[in-house]
Amino acid sequence: METQKTREGFASRLGFILVSAGCAIGIGNVWRFPTVTGQYGGGVFVLFYLLFLIIMGLPVLTMELAVGRAGHGSAVQAYRALEPKGSKWHLHGWFCITGCALLMMYYTTVSGWMVDYFFKFLTGRFAAVPPDAVGEIFPTMLSNAGEQVFWMVLVTVLGFVVCARGLQGGLERIGKWMMSALLLLILVLVGHSLTLPGAKQGLVFYLLPDWQRAMEQGIGNVVSAAMNQAFFTLSLGIGAMEIFGSYMDRRYSLSGEAARICALDTFVAICAGLIIFPACFSYGVSPDAGPQLIFITLPKVFVNMAGGRLWGTLFFLFMTFASFSTVLAVFENLIAALCEQLGWSRRRACVVGAVGLAILGLPCALGYNVWGALQPLGAGSTVLDFEDFLVSNLLLPAGSLVYLLFCVSHWGWGYDRYLQECNTGSGLRMPRCLKLYFQYILPVLIAVILIRGLV
């Protein structure tokens, strides 16, 4: 087993925070957070979201990081290092590896959509079609099997090429540059949206608490939606964050670092709404949910906007960085697991990983065309829907519950050991008085998310 002295680590604290936040920041921040915020009462939803982010998301994030830093390895190795003798907690590590692979089986295709649209705006493709035909570009893209496979494979190969350069020379170096560019892009896009004529109406709809709208949806549904968003936004439960804990030094407490990751993730999510809602209200377009918002609604806004080609290009460059940062982070988890469990070199793990995930990504990439008849969740569903259901509704909440129980129960690592690891270093400290909450209330909240997602 590697020792802490020989294991590679981040070159800087900033690198750790930006790369870890990049794992959490993804397409869900942009097409899901603004939509559910607008739907569930604007500021009402945001308040509940921030509450659950603090009382649910942040604690579980510290637990993943604690297991990684104390166990000093990817999920399987870390569990084995920390679990009581004779126990089988490390079996969950294999589910983490499976979950990361399953996530990338469809996430690389969606990331490819972002790159595709970036080049379409950059090269003037949208400017060449009539405004009323803009909405047809997305379904046409999906129906083109060659186009889907090309961009999926490109994203996969580029991700492993970056990771092959090592933690510091590849992931940290590119991740820091990309996240810095992402933050700069989002500030530019927010500044532009706030100058649009309908900005005020969009901001009112998005951020001011609207209790009437919340009551129409049902306060229970608002609370449930906020709980789900706070929990899933951090990509917890499949070891995607745990691996970065294994690369951390011990100078800073995990609560403080987790709080910074949560803050950066939330900043990007809220800024995404500041881009989208003023633009939609300025051009009288309904901010619809999911992929339709990004690939149909917003392109219609951009083509009708002064300088729309530029703003569309910048927006999808931002989306490309947001999605690719997650791809890099999860690839690093898979590479570390292959190196640790099979004794492979990083380069060999990257080559095998690139080929393997390119093949595994084919069902999703072809699920809108060649294999369109395959509808695993019933009429109208796709391979992507099925793979996303398994990850989001099963592996993430169930995995987070396992991490939680491992860290707070005497059958696992135990609360005292977790707390000691969490509070090692300077910075924000986790209070000991939260023990009963972690042991008896938080597991119930996560179980509720799991059950609601499966029924």
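Nothing here was measured: the structure is a model prediction, and the numbers come from that model. (Residues numbered from 1 in each chain as written. Predicted model: local features only at pLDDT ≥ 70, side-chain atom pairs only at ≥ 80, totals over all residues. Heavy atoms only, no water.)

1. Describing the layout of surface pockets
This is how it is decided: Both site types are read off a 1 Å grid over the protein atoms alone. A 1.4 Å probe that fits but cannot get out defines a cavity, while an open set with protein on both sides within 12 Å along at least five of seven lines defines a pocket; lining residues have an atom within 4 Å of a point. Grid points are joined across faces, edges and corners, and a volume is the space filled by probe spheres set on the points. Helix and strand labels come from DSSP, where a helix needs a run of H or I of at least four residues and a strand needs a run of E of at least two; each type is numbered from the N terminus.
Estimated volume of the largest pocket: approximately 940 Å³. Gly28, Trp31, Arg32, Asp388 and Ser392 are the residues nearest the centre of the largest pocket, which is lined by 33 residues in total. When residues of the lining of the largest pocket are traced back to their parent elements, those giving at least two are helix H1 (13–24), helix H2 (27–31), helix H6 (91–122), helix H12 (219–232), helix H15 (290–303), helix H19 (383–408) and helix H21 (435–454). Looking at the lining of the largest pocket element by element, the count peaks at 7 residues for H19.

2. Looking at empty space enclosed by the protein
We apply this condition: Under the scheme applied, nonpolar residues are Ala, Val, Leu, Ile, Met, Phe, Trp, Tyr, Cys and Pro; charged residues are Asp, Glu, Lys and Arg; polar residues are all the others, including Gly.
Counting across every chain of the model gives 2 cavities of 30 Å³ or more. Empty space within the largest cavity amounts to approximately 60 Å³. Lining the largest cavity are Leu189, His192, Ser193, Ile275, Ile276, Ala279, Leu298, Phe302, Met305 and Trp311. Within the residue set of the lining of the largest cavity, elements represented by two or more residues are helix H9 (167–193), helix H14 (254–282) and H15. Among the residues making up the lining of the largest cavity, the classes are represented as 8 nonpolar, 2 polar and no charged. The space that makes up the second largest cavity amounts to roughly 40 Å³. Surrounding the second largest cavity, Leu18, Val19, Gly22, Leu171, Gly175, Met178, Met179, Ser325, Leu328 and Ala329 form its lining.

3. So, the nonpolar core
Going by this rule: By convention a nonpolar core is built from buried Ala, Val, Leu, Ile, Met, Phe, Trp, Tyr and Cys residues, the set being connected through side-chain atoms within 4.5 Å. Working definition: with a 1.4 Å probe on protein chains only, accessible area under 20% of the residue-type maximum means buried, over 50% means exposed, and in between means partly exposed. In this analysis, two residues are considered to be in contact whenever any of their non-hydrogen atoms come within 4.5 Å of each other.
Among the nonpolar cores identified, the biggest contains 160 residues, and Met56, Phe244, Phe315, Phe316, Phe318 and Tyr418 are the most heavily contacted of them. If we ignore the near neighbours within four places in the chain, the residues touching phenylalanine 315 are Val30, Leu189, Ile275, Ile294, Leu298 and Phe302.

4. Re a nonpolar patch on the surface
Put simply, the rule reads: Residues enter patches when they are more than 30% accessible in relative terms and free of salt bridges; like-charged ones are connected within 9 Å and nonpolar ones (Val, Leu, Ile, Met, Phe, Trp, Tyr) within 5 Å. Here the Shrake-Rupley method, with its probe set to 1.4 Å, supplies the accessible areas, and only the displayed protein chains count as covering residues. Salt bridge criterion: a side-chain nitrogen from Lys or Arg within 4 Å of a carboxyl oxygen from Asp or Glu.
The grouping of Leu394, Ile451, Leu454 and Val455 at the surface amounts to a nonpolar patch, some 400 Å² of accessible area in total. Looking at the secondary structure, you find leucine 454 in helix H21. Using a relative accessible area of 42% as the deciding quantity, one classes leucine 454 as partly exposed.

5. What about the packing of aromatic side chains?
Rule in force here: Within 6.5 Å between ring centres, the rings of Phe, Tyr and Trp (the latter by its six-membered ring) count as paired, and their orientation is classed by plane angle as stacked under 30 degrees, edge-to-face over 60, tilted in between.
One pass over the structure, following the stated rule, counts 38 aromatic pairs. Taken together, a centroid distance of 4.9 Å and an interplanar angle of 80° make the contact between tyrosine 79 and phenylalanine 406 edge-to-face. Residue tyrosine 79 is found in helix H5 (residues 75–82), and its partner phenylalanine 406 is found in helix H19; the two are separated by 327 residues along the sequence. A centroid spacing of 5.9 Å and a plane angle of 55° characterise the contact between tyrosine 415 and tyrosine 418, whose relative ring orientation is tilted. Placement of both tyrosine 415 and tyrosine 418 in helix H20 (residues 415–422) is noted, with a separation of 3 residues, approximately one turn of the helix. In this structure tyrosine 418 comes out as buried when scored by relative accessible area, which is 0%. Aromatic rings pair up to connect Trp113, Tyr117, Phe121, Phe126, Phe138, Phe295, Phe302, Phe315, Phe316, Phe318 and Tyr368 into one cluster.

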